[in-house]
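Residue strings, one per chain:
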Amino acid sequence: MAAQPGGRQKPFHIVTPVLESLPLSKAAGTKVFMKLENVQPTGSFKIRGIGHLCQEVRGETLPDPVLSTGGNAGVAAAYAAKKLGLPITVVIPSTSGSIPKHKLEELGATVEVYGKAFDDANRRAQELLKTEGWVNIHPFDDPLVWQGHTSLVWELKDSLETKPDAIVLSVGGGGLLAGVVEGLHQVGWQDIPIIAAETQGAHSFHEALKAGQLVTLPDITSVAKCLGAKTVAARALECTQKCQIISQVVEDTEAVGAVEQFLDDERMLVQPACGAALATLYTGRLQQLQQEGRLRTPLASVVVVVCGGGNINTAQLWALKSQLGME
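Residues numbered from 1 in each chain as written. Predicted model: local features only at pLDDT ≥ 70, side-chain atom pairs only at ≥ 80, totals over all residues. Heavy atoms only, no water.

As annotated in an unreviewed UniProt entry, the protein carries the name L-serine deaminase and is attributed to Formicarius rufipectus. Under the UniProt heading Sequence similarities (unreviewed entry), the note attached to the protein is "Belongs to the serine/threonine dehydratase family." Of the protein, the UniProt comment under Cofactor (unreviewed entry) reads exactly: "pyridoxal 5'-phosphate". (UniProt positions renumbered as here; feature names shortened; annotations may be inferred.)

This is the structure in structure tokens:
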């Protein structure tokens, strides 16, 4: 692992491309730039925050072994642990599927499958923390994770000639949202509205916004399992006081349809969790928000965060379509 000037370690994430998408621009009625987090070494944006957390606490409070939870987040933690030479145990829910489990094992992690949703796996992780004395690497609810995710916004500022009129992203536990909001304030872009997309059945952020307080969903019924936090981080709700955040909930069929359309349009396969953000562009929701006066008209440009594609293959895409009756 190379060192940067001043003794700082080189980050585990890469600077990802920002590319204009002509098909998405046509669908959204405005210029759309893609921030391609799906090309990160671990397949998702998670390596930004989790890698930063691991590097910041290594040598201070991070002994071995360490413990993490979640699919994409677990892969990011395992990748960072491997880089740091640490053993790691990752607890994932059964709904994560075989792909992250295989990737975790390839990275040398010990994998435990527990429960059906992130919340179940996280509860098991808390038990292990008490009995084994390990250190927890939380997938989304940690200030160091949010701080790591701010790098995405700094890269946007460096890449774009002018600031966008909106940012579209998916919300699961709220870590990406928290990092982007913090990053927008750091670069002076806090007036940019954020369209926060979720799928029906994994819409804990939307429900929290409606209630004005954290809400725990009874179960995760969406196929977008990477959005499957029954309760978002409290920080996600606090972000609504710092930026204009517009919640949008799409159906599973819309998210999966967006995944297939994006594969045809941009030759990249992403997860339904990412499809939620893409669906807001493909289904005309952006134009609807403009008609309602919730977004400015016209929009010069928007950025969509293509958050990840590490937990899907073509066979799974066809299986999801069949499951949802889309064939």
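1. A few points about helix α4 (residues 98–106)
By the burial criterion, the buried members of α4 are Ile99, Pro100 and Leu104. Projected down its long axis, α4 shows its buried positions confined to an angular sector of 130 degrees, all on one face. Of the residues in α4, the exposed ones pointing more than 90 degrees away from the buried face are Ser98 and Glu106. In this structure, the buried side of α4 is in contact with α3 (72–84), β4 (88–92), β5 (110–113) and α14 (314–323). Of the residues one or two after α4, Gly108 is the one with positive phi, at around 90 degrees. (Buried < 20%, exposed > 50% of the residue type's maximum accessible area, 1.4 Å probe, protein only. Helix = DSSP H or I, 4+ residues; strand = E, 2+ residues; numbered from the N terminus. Arc of directions from axis to C-beta. Contact = heavy atoms within 4.5 Å.)

2. Topic: the domain arrangement of the protein
Structurally, the protein comprises domain 1 (18–45 + 142–324) and domain 2 (46–136). For domain 1 versus domain 2, the distance between C-alpha centres works out to 24 Å. Between domain 1 and domain 2, the contact holds 30 residues from the first and 23 residues from the second. Contact between domain 1 and domain 2 buries roughly 2,100 Å² in total, counting both sides, with carbon and sulfur atoms accounting for 54%. The interface formed by domain 1 and domain 2 holds 2 salt bridges in total. Note that Glu37 is salt-bridged to Arg48, the shortest N-O span being 2.7 Å. (Domains from an automatic or database assignment. Buried area = accessible area lost by both parts, 1.4 Å probe. Salt bridge = Lys/Arg side-chain N within 4 Å of Asp/Glu carboxyl O.)

3. A closer look at the packing of aromatic side chains
Evaluated as defined, the whole model comprises 1 aromatic pair. For the ring pair Phe12 and Tyr79, a centre distance of 6.5 Å and an interplane angle of 85 degrees mean the geometry is edge-to-face. Highlighted residues: Phe12 in the segment before β1 (18–20) and Tyr79 in helix α3, separated in sequence by 67 residues. With a relative accessible area of 6%, Phe12 lands in the buried category. (Phe/Tyr/Trp six-rings, centres within 6.5 Å; stacked < 30°, edge-to-face > 60°.)

4. Looking at unusual backbone geometry
Residue Pro298 is reached from Thr297 by a cis peptide bond, and omega for that bond is -5 degrees. Structurally, Pro298 can be placed in the loop between α13 (285–291) and β10 (301–306). At Arg267, a position not held by glycine, the phi torsion is positive, near 60 degrees.

5. Concerning the layout of surface pockets
The calculated volume of the second largest pocket comes to roughly 270 Å³. Contributing to the lining of the second largest pocket are 16 residues, with Thr95, Val223, Lys225, Gln316 and Leu320 lying nearest its centre. Going through the elements one at a time, α12 (272–282) and α14 are the ones with two or more residues in the lining of the second largest pocket. No other element matches α14, which puts 4 residues into the lining of the second largest pocket. Of the residues that constitute the lining of the second largest pocket, the class distribution is 8 nonpolar, 7 polar and 1 charged. Counting only domains with at least three residues in the lining of the second largest pocket, you end up with domain 1 (18–45 + 142–324) and domain 2 (46–136). (1 Å grid on protein atoms, 1.4 Å probe; cavity = no way out; pocket = protein on both sides within 12 Å on 5 of 7 lines; lining within 4 Å. Points joined across faces, edges and corners; volume = space filled by probe spheres on them. Nonpolar A, V, L, I, M, F, W, Y, C, P; charged D, E, K, R; others polar.)

6. Some details on the nonpolar core
With 66 residues, the main nonpolar core has Ile167, Leu169, Leu177, Leu184, Ile245 and Val304 as its most contacted residues. The element contributing the most residues to this core is helix α8 (residues 175–187), with 7 residues. If we ignore the near neighbours within four places in the chain, the residues touching Leu169 are Leu176, Leu177, Val180, Ile194, Ile195, Ala196, Ala197, Ala277 and Val305. In terms of nonpolar packing, the next biggest core, distinct from the first, is built from 23 residues, Ile50, Val57, Ile88 and Val145 among them. (Core = buried A, V, L, I, M, F, W, Y, C linked by side-chain atoms within 4.5 Å.)

7. What about the pairing of strand β9 (residues 245–250)?
With respect to burial, β9 is a largely interior element, 6 of its 6 residues being buried. Burial along β9 is two-sided: the residues Ile245, Ser247 and Val249 and Ile246, Gln248 and Val250 are all buried. Across 6 bridges, strand β8 (residues 194–199) lies against β9 in parallel orientation. Bridging from a neighbouring strand, Thr199 pairs with Val250 of β9. (Pairing = 2+ DSSP bridges.)

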